[in-house]
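Coordinates in review
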Amino acid sequence: MRSRSWSAPTPRVHGGAAGRELAAIGLDPRRALDFSVNVNPYGPCPSVVEAIRAAPVHLYPDPAATAVREAISARTGAPVDGVVFGSGAADLLWGITRVLLAARGRALIVEPAFSEVGAAVEALGQHAAMWRARAEEGLRVDLREVERAARHAAASAIYLCAPTTPAGAAVPLSDVADLARRFPEATIVLDESFLSLSDRSDEAALPMPENVARLRSMTKEHAIPGLRAGYLLAAPALARAVEASRPAWSTSSVAQAAAIAALAADGFVAESRERLRRDRLAMATDLAALGLAPLPSVAPYLAFAVTDAAALRHRLLAHGVVVRDCASFGLPGFVRVAARPAHERARLLAALEEELR
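In what follows, the accompanying structure is described.

Calculation rules
- Residues numbered from 1 in each chain as written.
- Predicted model: local features only at pLDDT ≥ 70, side-chain atom pairs only at ≥ 80, totals over all residues.
- Heavy atoms only, no water.
- Pairing = 2+ DSSP bridges.
- Helix = DSSP H or I, 4+ residues; strand = E, 2+ residues; numbered from the N terminus.
- Axes fitted to C-alpha atoms, helices over the stretch in contact; angles between N-to-C directions.
- Buried < 20%, exposed > 50% of the residue type's maximum accessible area, 1.4 Å probe, protein only.
- Polar contact = N/O pair within 3.5 Å; in protein donor to acceptor, adjacent residues only side chain to side chain.
- Contact = heavy atoms within 4.5 Å.
- Arc of directions from axis to C-beta.
- Parallel < 35°, antiparallel > 145°, perpendicular 65-115°, else oblique.
- Left-handed = near helix turned anticlockwise from the far one by under 90°.
- Nonpolar A, V, L, I, M, F, W, Y, C, P; charged D, E, K, R; others polar.

A short note on the sheet that holds strand β7 (residues 212–217)
Pairing within the open sheet is mixed, and its seven strands lie in the order β2-β8-β7-β6-β5-β3-β4. Both outer strands of the open sheet, β2 (83–86) and β4 (129–132), are each paired with one neighbouring strand and no more. Neighbour to neighbour, the strand axes of the sheet diverge by 20° on average, direction disregarded. The pairing of strand β3 (residues 107–111) with β4 spans four bridges and is classified as parallel. Each residue of the ladder has a partner; that of valine 110, found in β4, is tryptophan 131.

Right, here's the structure in full:
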């Protein structure tokens, strides 16, 4: 009997300090200052921590996450059967990609972007079309160009981040809604993972056409990435199909308890958003003083051009500082840094000043 050969998947790179990499230079991961991930440095919220500690881990979780979905429905106005609760944004992106492309549909990815949709398309044995923002134009998204590219590719699904990553460029959601109305034959998968901590957070309440599926991560604003929690708002038929495509107990009782508490913590998120806005603006000023030019951003992170991002990232590790090398976004000449409090920012700036001399 012949053994089957498996092709090696394309490596996916995300933010976060790599344990082996830090160990190789003798740095304890607990002492690393991580600017490479965009997680709220002011979290987690105490009420969320309390809910985590009180979660009934001795019981099976509700496979339908009913209480969480009802809480999300009450908060967003979406129908309960149009809500899917998942194990973070990546889980939901893989799920909706499988459903939307099951009939050999074609995806268009608006790049640069989170890599998991491309990986999900590749895992299906398919290839996504792409529209790419240009660095010389500040990595801004032109939705008219996106529409032309999607029509040319006969795309049945369009993946779009708002705000974008790694630049944090604004994508007005009213314009996304207009695109959806002009192109009703495609489903727009709108990744709003960073919207709640951005300057455009009010746009979360903007109604969307039925062919827009909205993805939201709860791990960013509540600093619980190790827990994995996020949700999808979609047309009920699509939401049911995504739910049906997943195994039972896709989310834990701990994640469900944390999500319910997080949904009631609007005050904490609003306070964090304002603190991070001040942090981002201060960081932009400080980077400019070093001769760097961060791209305009509405999100709690900044991207700026350097000569060699990978080399700079490696040199900064010697200072115990981790930044995001944007080569995995197709931007080897850019670095992304998260907004963080002043005392941590001072350490980053001192390291940058020394390495950029």
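And the narrative resumes.
Quick word on the side chain of threonine 164
Looking at the secondary structure, you find threonine 164 in the loop between β5 (157–161) and α7 (173–182). Since its relative accessible area comes to 6%, threonine 164 is described here as buried. A polar contact is formed between the side chain of threonine 164 and the backbone nitrogen of alanine 169, at a distance of 2.9 Å. Those residues in contact with threonine 164 that lie beyond four places of it in its chain are Val141, Ala169, Val171 and Tyr301.

Focus: helix α12 (residues 309–317)
Structural remark: α-helix, 3.6 residues per turn; residues separated by three or four positions point the same way. What α12 keeps buried is the set Ala309, Leu312, Arg313, Leu316 and Leu317. When α12 is viewed along its axis, its buried side chains cluster within an angular range of 145° and face the same direction. Two or three places before alanine 310, at the start of α12, stands the capping residue aspartate 308, its side-chain oxygen 3.2 Å from that residue's backbone nitrogen.

Observations regarding the sheet that holds strand β11 (residues 324–325)
Pairing within the open sheet is antiparallel, and its three strands lie in the order β9-β12-β11. The open sheet has two free edges, formed respectively by β9 (301–305) and β11, since each of these has just one partner strand. Where β11 and strand β12 (residues 334–338) come together, two bridges link them in antiparallel fashion. By the bridge assignment for β12, aspartate 325 is matched with valine 335. Along the sheet, helix α11 (residues 266–289) contacts β9 and β12; its crossing angle with β9, the most-contacted strand, is approximately 15°.

Here's the deal with the environment of phenylalanine 35
Note on placement: phenylalanine 35 falls in the loop between β1 (33–34) and α2 (46–54). Separated by 289 residues in sequence, phenylalanine 35 and arginine 324 place their C-alpha atoms 7.2 Å apart. Excluding anything up to four places from it in sequence, phenylalanine 35 contacts Met283, Val321, Val322, Val323, Arg336, Val337, Ala338, Arg340, Glu344, Arg345 and Leu348.

Considerations on the packing of helix α4 (residues 88–100) against helix α5 (residues 116–123)
Contact pair α4 / α5: the axes reach a minimum separation of 9 Å and the direction vectors enclose 40°. Regarding the angle of α4 to α5, the classification is oblique. As for the relative orientation of α4 and α5, their crossing is right-handed in sense. Packed against α4, whose contacting residues are Ala90, Leu93, Trp94 and Thr97, the element α5 presents Glu116, Val117, Ala119, Ala120, Val121 and Ala123 at the interface. Residues of the contact of α4 with α5, tallied by class, amount to eight nonpolar, one polar and one charged.

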